[in-house]
Amino acid sequence: MRYVEVRPAKASYEVYLHAVEDVGSESFLDLGEFPPLDPDEEADEFGRFLGMAEDPLAALIIAEDRTGAERGRWVNENVVQDEYRDFVRLSRPPKFSPEGLQWPRGSDVL
């Protein structure tokens, strides 16, 4: 499973791509606790750095350009568990989300 994180860093915003094992269930939804796909990555600070921007909108644009993330699918950190729960409840459907949007594929990420 892959997800993009935009995080504040002093006077800028950093963009990271995370690739984790999909080990979740309806009772285990915290993507931040999922193990990284690459076992050599640090457990606390893993993720591939994609870029940095001075403002949040520019950071979102970097993420969208580099990963194919869709503007209408961004959620706050505490909401991502709800999105993942929907994904799990639908038995990890191969193509579309409950809203009819196509799930991003790993091969779409540069």
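Residues numbered from 1 in each chain as written. Predicted model: local features only at pLDDT ≥ 70, side-chain atom pairs only at ≥ 80, totals over all residues. Heavy atoms only, no water.

Our next topic: the overall build of the chain. Across its full length, the chain holds 2 helices and 3 strands. Each helix and strand of the chain, ordered N terminal to C terminal, gives the series β-β-β-α-α. Within the chain, the proportion of its 110 residues that are buried is 28%. Taking the contacts inside the chain whose residues are at least 6 apart along the sequence as the reference set, 52% of them involve residues at least 24 apart. Summed over all atoms, the accessible surface of the chain reaches about 7200 Å², with 50% contributed by carbon and sulfur. (Helix = DSSP H or I, 4+ residues; strand = E, 2+ residues; numbered from the N terminus. Buried < 20%, exposed > 50% of the residue type's maximum accessible area, 1.4 Å probe, protein only. Contact = heavy atoms within 4.5 Å. Areas by Shrake-Rupley, 256 points an atom, 1.4 Å probe, with all protein chains shown as cover.)

All right, on to the pairing of strand 2 (residues 12–19) then. Side chains on a regular strand alternate between the two faces of the sheet. Across the 8 residues of strand 2, 6 count as buried, placing the element largely inside the fold. Both strand 1 (residues 2–9) and strand 2 contribute to a ladder of 8 bridges, which runs antiparallel. Within strand 2, the position partnered with Val6 by the bridge is Val15. One ladder, built from 5 bridges, connects strand 2 with strand 3 (residues 48–53); its direction is antiparallel. (Pairing = 2+ DSSP bridges.)

Looking now at helix 1 (residues 56–67). Since there are 3.6 residues in each turn of an α-helix, residues three or four apart along the chain are aligned in direction. Spanning 12 residues, helix 1 covers 16 Å between terminal C-alpha atoms, matching the ideal 16 Å at 1.5 Å per step. Of the residues making up helix 1, those classed as buried are Ala59, Ile62, Ala63, Glu64 and Thr67. N-cap assignment for helix 1: the residue whose side-chain oxygen lies 3.1 Å from the backbone N of Leu57 is Asp55. Immediately beyond the C-terminal end of helix 1, within one or two residues, lies Gly68, with a positive phi of roughly 80°. (Expected span 1.5 Å × (residues − 1). Polar contact = N/O pair within 3.5 Å; in protein donor to acceptor, adjacent residues only side chain to side chain.)

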